[in-house]
Structures are given as C-alpha cells and as structure tokens.
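Residue strings, one per chain:
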Amino acid sequence: MIIVIRPHTPAAQVEEVIREISQLGYTPNPIRGEYQTVVAAIGDETTHTSLESLTALPQVERVLRVQKRYKLASKESHPAGTVIDAGGVKIGGKHLVLMAGPCSVESEEQLLTTARAVKAAGATVLRGGAYKPRTSPYEFQGLGPEGLRLLEAARAETGLRIITEVLGEHDVDLVAKTADILQIGARNAQNFQLLIACARSGKPVLLKRGLSMRVEEWLLAAEYLLAHGNPNVILCERGIRTFENYTRNTLDLAAVAIAKQETHLPVIVDPSQGCGRADLVKVLCRGAIAVGADGLLVEVHPHPAEALSDGQQQLDPPSFADLVDSLRPFVAAAGRQL
Ligand code: PEP
Ligand code: MN
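The shown structure was predicted, so the numbers you read here are calculated from the model rather than taken from an experiment.

A. Region of interest: the environment of A176. The topology assignment puts A176 in helix 4 (residues 172-178). Distance from A176 to K132, taken between C-alpha atoms, is 16 Å for residues 44 residues apart in sequence. Those residues in contact with A176, other than ones at most four positions away along the chain, are L182, S201 and K203.

As structure tokens, then:
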C-alpha cells in the first residue's frame, strides 16, 4: 500500500506513521521528498489488516491500494482461463455455451416442450427456476420440489444439463441433488452465508451480478466461493439498476469485458433479465459475443404470453432457433464455436 503523508509534516509525526505501519505487519519504505513523504508499505494486503485505517491519523493524507482485493479470482493467480465441467458440458474455453429454458418451471408439458426445442436448437444446458425470487409475495413462487423433479425428468429425456436457482442456504443440499449448476440470483449475490453453503456443495455455481453491485463487489462475491473451496465459479452479467426505463435493467457489457480482463473465470451473459424485452435479446446476444462472453443464458417459453413469470422477455421456441442460427457468423467472428 502507499501511504501519502501531508506536506510539511514534522519528522516526529512521519516516524509515528512509519511505526504504525510496522506495527500492522508491513515493512515501511519511506520516500522522503523536500515537502512531502510517501511510504510504500510492503506486505500482503489480502492477509494483513488494511492500512486504510491510517487515514484516521491527521498527518495521513491518503492511502492507496496496490493489490487487488480479490486474489483467487484474479488472472494473476491463474493466467489461463478456467474451463468448468458441468456434468460433461464445458463452460469457458473456445466453446460458447448456450443455456436456455423457461424463467420458471411451470408444468411437465411446458418444461419438456421447451427442453426438446432448446436442445434441437443447440443448447446444452436447460435453465428453469423451481424456486423463484419474486418481488411480490403474491406472484408465482415456483413449484419447489416438484419443479426439481420435472427438471430431473427433462435431463433424463434430453441429456441437457440443469441450471436452477437456490434461494436460501437451507435449500442448498436439496437443490444440489438435482442441479448440475447452482444459480445464485442477483438478489442473493451478496448473501455470504448462501455463497459459502453453495461453495461447500461441490457443484459448479453461476453467480449473477447483483442489481447494484460494482464489478469489484461481484468479483469479491466470487472470491467467497473460491475461498471456500469451490473452484467452479461462473460469473453472469444480467443487467444493473439504472435510471433508464426503456429496459428493465441496463445490460452492462463493459462489465463483461472488464471481468474477462480481471479474472480467469468464465463469464456468461443473461440478455433476458438484462433488458426485460424479447425484442432486444438477439442484438444483446451479438454484443455479448463481441465483448468476449463465454456463453448465453436465455429465457425460452412455449407460450411467453401465458408465462407465470417474465413473459415479456421470453422467446418462443422458433425465435430461439432463429436466434441461434443468426448468431453463427458472430460466434465464428469472435473465434468461438457453438
Ligand atoms: C432468473 O434467472 O429468472 C432470475 C430471477 O434472475 P436474476 O437473479 O438475474 O434476476
Ligand atoms: Mn426470469
């Protein structure tokens, strides 16, 4: 860390700062200028006490971090991109993974019709919420255990791998019995007890970005999963809350590019929650591929107008098949394969 001491600070007060730095476990290296001293404090910022508290001393002007707050998620810790194996489906690397399915699991017919259609179009992972985080308690909350059973039936018939959301830490064991990938939703992205419980499940985890989460906070949430022993972490950008209301959320493709620069973890884009409009899904998928996304998570429903959740943003099966076909040249241009 770099500790900037105020100009014209008397030598005794500079020494006080240097003593505090040693006290906190760092090696101080003062650089004494004519008016001002700067101290480079050498030590591991991820294991030592943060020196940011030194700004409590009146002679300290600023404290600057040198290291990133996330370590296991950072590219330095793992320069090659991580490729995750979710029940045989690879996430990361050259392949662009397609995850698709309904927002909520509603019935056997709805789920199986969708599963067959998305598989025929090229998806390898079936999405569908058995437990739904709804803004209102009066809205459809998901089928719960029955939804998990239907997801298992869809996997048995189609061979698609299953991604489904886990809402609370007490449901992790139950949901992990069905899921090939556990989804942590935007509303739970900083529920640290849930993150720890999911890490311990041993299943790959897809971590959505929270509605108002900074990239650093998102990567630190991923760090929780990694630090608790689960190396199989997938990031998912799904739009953030802004002042804009032409879209439900503002899909932040810059954050995808940054996450790809900063981490070795695969990054997936969810254009469906990302904009909340079926008519924008196709162009946002193109953008996601262009900025380096490793996959797409797209909501598909046999009759979006009748959906019990998020009907406005779901594609019907022919539109999904058309979407996948239309993406082929973009996937090739990005040096990827479907
Ligand atoms: C979903 O995928 O249907 C969902 C609820 O996602 P998010 O947590 O991103 O809102
Ligand atoms: Mn949804």
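Back to the text.
B. Here's a closer look at the layout of surface pockets. For the largest pocket, the calculated volume is near 300 Å³. Lining of the largest pocket is provided by 22 residues; of these, P133, R187, R248, Q273 and D310 occupy positions nearest its centre. Of the residues contributing to the lining of the largest pocket, the split by class is four nonpolar, six polar and twelve charged.

C. Geometry of the state of the cysteines. If you walk through the whole model with that rule in mind, you get zero disulfides. With no disulfide of its own, C275 has C285 as its nearest cysteine by sulfur position, at a separation of 9.0 Å. You can call C275 buried: its relative accessible area is 1%.

D. Expanded view of the coordination of the manganese ion (ligand 2). Taken together, C103 (SG), E299 (OE) and D310 (OD) make up the full set of protein donors to the manganese ion (ligand 2), lying 2.1 to 2.4 Å away. Linear spacing of the donor residues for the manganese ion (ligand 2) on their chain is C-x195-E-x10-D. With C103 in the loop between strand 7 (97-101) and helix 2 (108-121) and D310 in the loop between strand 14 (295-299) and helix 10 (317-333), the pair connects residues that are 207 residues apart, well separated along the chain. Residue C103 is classed as buried on the basis of its relative accessible area of 2%.

E. Expanded view of the site of ligand 1. Of all residues adjacent to ligand 1, which total 13 residues, the nearest are R127, A186, R187, K208 and R238. Contact between ligand 1 and K132: an oxygen atom at 2.9 Å from a side-chain N or O atom of the residue. A distance of 2.8 Å is found between an oxygen atom of ligand 1 and a side-chain nitrogen or oxygen belonging to K208. Judged by the proximity of its atoms to the pocket grid, ligand 1 belongs to the largest pocket.

F. Region of interest: the pattern of salt bridges. Counted according to the given criterion, the structure contains 22 salt bridges. D325 is paired through a salt bridge with R328; the nearest N and O atoms lie 3.0 Å apart. In this pair, D325 and R328 both sit in helix 10, three residues apart, roughly one turn of the helix. The exposure class assigned to D325 is partly exposed, which follows from its relative accessible area of 48%.

G. Local environment of the side chain of R127. Here R127 is to be found in strand 8 (residues 125-127). Given a relative accessible area of 2%, R127 falls into the buried group. Among the polar contacts listed, one links the side chain of R127 to the side chain of E299, at a separation of 3.4 Å. Setting aside anything within four residues of it in sequence, one finds R127 in contact with A100, G101, P102, C103, K132, I163, Q183, D270, Q273, L297, V298 and E299.

H. View of the environment of N249. Locating N249 in the fold gives a position in the loop between strand 12 (233-237) and helix 7 (253-262). What makes N249 buried here is its relative accessible area of 4%. In this structure, the C-alpha to C-alpha distance between N249 and P102, residues 147 residues apart in sequence, is 19 Å. Residue contacts for N249: discarding those within four places in its chain leaves R238, G239, I240, R241, Q273, G274 and C275. Here Q273 takes part through its backbone oxygen, which lies 2.8 Å from a polar atom of the side chain of N249.

I. Region of interest: the sheet that holds strand 3 (residues 37-42). With respect to topology, four strands assemble into an open sheet ordered 2-3-1-4, the strand pairing being antiparallel. A single partner strand is all that each edge strand has here, and the edge strands are strand 2 (27-32) and strand 4 (60-64). Strand-to-strand twist across the sheet, computed as the mean angle between neighbouring axes with direction ignored, equals 20°. Where strand 2 and strand 3 come together, six bridges link them in antiparallel fashion. Its bridge partner lying in strand 3, I31 is registered against V38. Here helix 1 (residues 11-23) sits on the sheet and contacts strand 1 (2-5), strand 2, strand 3 and strand 4; the angle it forms with strand 2, its principal contact strand, is near 155°.

J. Here's a closer look at the sheet that holds strand 13 (residues 267-269). If you walk around this closed barrel you meet the eight strands as 7-8-9-10-11-12-13-14, and the pairing is parallel. Sheet twist, expressed as the mean angle between neighbouring strand axes with direction ignored, is 25°. As paired elements, strand 13 and strand 14 share two bridges and run parallel to each other. Looking across to strand 14, one finds that I268 is bridged to G295. Across the sheet, helix 5 (residues 192-201) is in contact with strand 10 (181-184) and strand 11 (205-208); its angle to strand 10 comes to roughly 175°.

Calculation rules
Residues numbered from 1 in each chain as written. Chains lettered and ligands numbered in written order. Predicted model: local features only at pLDDT ≥ 70, side-chain atom pairs only at ≥ 80, totals over all residues. Heavy atoms only, no water. Helix = DSSP H or I, 4+ residues; strand = E, 2+ residues; numbered from the N terminus. Contact = heavy atoms within 4.5 Å. 1 Å grid on protein atoms, 1.4 Å probe; cavity = no way out; pocket = protein on both sides within 12 Å on 5 of 7 lines; lining within 4 Å. Points joined across faces, edges and corners; volume = space filled by probe spheres on them. Nonpolar A, V, L, I, M, F, W, Y, C, P; charged D, E, K, R; others polar. Disulfide = S-S within 2.5 Å. Buried < 20%, exposed > 50% of the residue type's maximum accessible area, 1.4 Å probe, protein only. Donors = N, O, S within 2.8 Å, 3.2 Å for Na, K, Ca; no water. Near = heavy atom within 4 Å. Polar contact = N/O pair within 3.5 Å; in protein donor to acceptor, adjacent residues only side chain to side chain. Sits in = over half its atoms within 2 Å of the grid points. Salt bridge = Lys/Arg side-chain N within 4 Å of Asp/Glu carboxyl O. Pairing = 2+ DSSP bridges. Axes fitted to C-alpha atoms, helices over the stretch in contact; angles between N-to-C directions.

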